[in-house]
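One-letter residues, chain by chain:
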Amino acid sequence: MGLSAATPLWSSPGLLLAIALHPALSVPTHRDYCVLGAGPAGLQMAYFLQRAGRDYAVFERTQRPGSFFTRYPRHRKLISINKRYTGNANSEFNLRHDWNSLLSHDPRLLFRHYSRAYFPDAHDMVRYLSDFADTLGLHVLYNTTITHVTLDKDQRAWNGHHFILTDQKGHVHRCSVLLVATGLSVPNQVDFPGSEYVEGYESVSVDPEDFVGQNVLILGRGNSAFETADNILGVTNFIHMLSRSRVRLSWATHYVGDLRAINNGLLDTYQLKSLDGLLESDLTDLAILKDSKGKFHVTLKFFLEEAGSNQSADSIPLPQDDNDNFAMRVAYDRVIRCLGWNFDFSIFNKSLRLNSGNAFGKKYPLIRASYESKGSRGLFILGTASHSVDYRKSAGGFIHGFRYTARAVHRLLEHRHHGITWPATELPITQLTSSIVRRVNEASGLYQMFGVLADVILLKENATAFEYLEEFPLQMLAQLEMLTGRKVQHGLFVINMEYGRNFSGPDKDVFFDHRSVGHTEDAWQSNFLHPVIYYYRHLPTEQEVRFRPAHWPLPRPTAIHHIVEDFLTDWTAPIGHILPLRRFLENCLDTDLRSFYAESCFLFALTRQKLPPFCQQGYLRMRGLMSTESLRQHRVESRLPRNHAATDSRLEDSSQQPGDHEPPDAPMATGPLAQSLDSNKEEL
């Protein structure tokens, strides 16, 4: 039935028709959580949201996940290691050396099943991410490009506003929380005279045949620059690499984003004087000229300014005119830009205040250590784009790091919006040492996000028990109670992984003699990654965290303990690792954390006013006592019950009489560190 001519367009039927014909006028689709981007970080967050049963959607502009990896890296080899064998059956430990897998409950979704290569092909990552999304049934809206994001104030909303997303079809999506996982996608470019002649990493040919017999200049000094050089090293006349700073080698800086050994072939040819070379200069001081033969010359910008804009390229002075030993006096056939990537701010309304305006703010959004935007509450940055929190310090810009920071953000959101406290395990104080030892030897998040995510132990009253919180953002420690829902009333320990303070840097000699520390008394001088435990009687304040000593990750603690570095990263040596740790904890808590046989607890009960916690929580609760000949003799010598034979008989029969004095299933007390035998009682 048609619409009559007498029916006004904005009458009820006309309004419905207009809304149907104009998607932009339709009612926005509301979701609690919106995730931008179906790359590794977006899928990781989607997994956590789905497991928690939350209302969410992932918006992906292409037809499948991981679109970045369909094109990059250009030469297809990833620099994230795929170590399939460690000799260890512990899955958490193995993730320390698996830099590609996302976190999930499904063991089939480990990257080791997708590639046998130590440095895998990027295509394997695309295949892995597609399987991850499909197998877990994640809610991803493909072919949906978000073109604009803005705010809509609403006091009833979780954060005082909603995020309004508009896609390429004009559809509007309203979200309570926005999680941005779009990565860094805008090539970093430097504007200087002649920059129009420069080819970009994102578009330059990857066919070595296109560079045969050419002189090539590469601008940049990161992995993309060396990856490009390595691809054409064998066919060019020579390659010169120009950057404003010296090369940063990852094995010297201990930062995985710096130059990796797999790409650094040009360093050999430079140092062995095989024509290739590295040069340092600020690109903004230079200019590139194209001569009549199509060759490119490097000159200084002020030469160009002095010559004036009317001069031909062939008549403009070159540095070699004054200095015939000028390093770059040769002409180049190609100039390639490999200067990294920046965040794409273009779709975000200025009201979101994501950009700080400074140079670093052009590369990364402005966020807090909790990964929440400083300008908009409820907007979180995930993945590579969140790397400003630990840039050139830890692994937060890479899968093996941000899979854990995404989990930390999810835990913060669970408490903020759903009242679910940060997960914690509550244990008796007797298990404190073993809990720390287990985590520093197994935990992957603590290991990979060193200096950024730390374990926190909250002590209970009288230090009888503790709560163990895993992988909390270190720089948010002062706000722990608000962010987690946990109370800090009786002191806390913070467990962090750290390198030595003077051991990392582009100018450091990390292969010097005696670089390894082996004695426990020198543990504080450990250079390689090792556990450090901080003890505080009270939760540090925000001011204390902000004005902490230089190069300290935390404010000065009440006490601090370094577990000495270990060549095998295996901190289980009874004397070298566990004993000093236990003594440190005992000094902080003013208690005895050793484990004892029941016989020893019995003797302590007769001779001491204060029993060790192990005896208080075990033996005095009617657990762990077994009749032995030495106990019988001790009773006689102590003039305990004269009719001890009858008492002994009753004790020996107790295993057949549940409900009597001794439980039938606890003949002997053994602690979490079973090595603490009778001989251990006498040491210290």
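Residues numbered from 1 in each chain as written. Predicted model: local features only at pLDDT ≥ 70, side-chain atom pairs only at ≥ 80, totals over all residues. Heavy atoms only, no water.

- If you check an unreviewed UniProt entry, the protein appears there as FAD-dependent oxidoreductase domain-containing protein 2 from Callithrix jacchus.
- The UniProt entry for the protein carries this comment under Sequence similarities (unreviewed entry): "Belongs to the FOXRED2 family."
- Per UniProt, the protein has the following entry under Subunit (unreviewed entry): "Interacts with SEL1L. May interact with OS9 and DNAJC10. Interacts with TXNDC16." (UniProt positions renumbered as here; feature names shortened; annotations may be inferred.)

Describing the environment of Ser595
Okay, step 1: Along the chain, Ser595 falls in the loop between α16 (574–589) and α17 (598–607).
Okay, step 2: For Ser595, a relative accessible area of 4% puts it in the buried group.
Okay, step 3: Taking C-alpha positions, Ser595 is 9.4 Å from Gln431, a pair spaced 164 residues apart along the chain. (Helix = DSSP H or I, 4+ residues; strand = E, 2+ residues; numbered from the N terminus. Buried < 20%, exposed > 50% of the residue type's maximum accessible area, 1.4 Å probe, protein only.)

Describing the nonpolar core
Okay, step 1: In terms of nonpolar packing, the biggest core is built from 115 residues, with Leu36, Leu165, Leu178, Leu179 and Phe348 touching the most fellow members.
Okay, step 2: If sequence neighbours within four positions are ignored, Phe348 has contacts with Leu36, Val149, Leu178, Val180, Phe343 and Leu354.
Okay, step 3: Formed by 30 residues, the second largest nonpolar core is a distinct cluster that contains Leu427, Tyr468, Tyr535 and Cys588. (Core = buried A, V, L, I, M, F, W, Y, C linked by side-chain atoms within 4.5 Å. Contact = heavy atoms within 4.5 Å.)

Re the side chain of Thr569
Okay, step 1: Along the chain, Thr569 falls in the loop between β22 (559–562) and α16.
Okay, step 2: Aside from chain neighbours lying at most four places away, what touches Thr569 is Arg96, Asn441 and Tyr447.

Focus: the sheet that holds strand β19 (residues 465–473)
Okay, step 1: Strand order across the open sheet formed by six strands is β17-β19-β18-β20-β21-β22, with antiparallel pairing between neighbours. Across the chains shown, the open sheet's two edge strands, defined by having one partner strand only, are β17 (424–428) and β22. Adjacent strand axes in the sheet meet at a mean angle of 20° when their direction is disregarded.
Okay, step 2: Looking at chain direction, strand β21 (residues 530–536) and β22 are connected through four bridges and run antiparallel. (Pairing = 2+ DSSP bridges. Axes fitted to C-alpha atoms, helices over the stretch in contact; angles between N-to-C directions.)

Looking at unusual backbone geometry
Okay, step 1: Along the chain, Tyr72 connects to Pro73 via a cis peptide bond; the corresponding omega equals -5°.
Okay, step 2: Here Pro73 lies in the loop between β2 (56–59) and α3 (91–94).
Okay, step 3: At Arg76, a position not held by glycine, the phi torsion is positive, near 75°.
Okay, step 4: Tracing the sequence through the fold places Arg76 in the loop between β2 and α3.
Okay, step 5: Classification of Arg76 by relative accessible area gives partly exposed; the value is 22%.
Okay, step 6: With a phi close to 55°, Asp590 is a non-glycine residue in the positive phi region.

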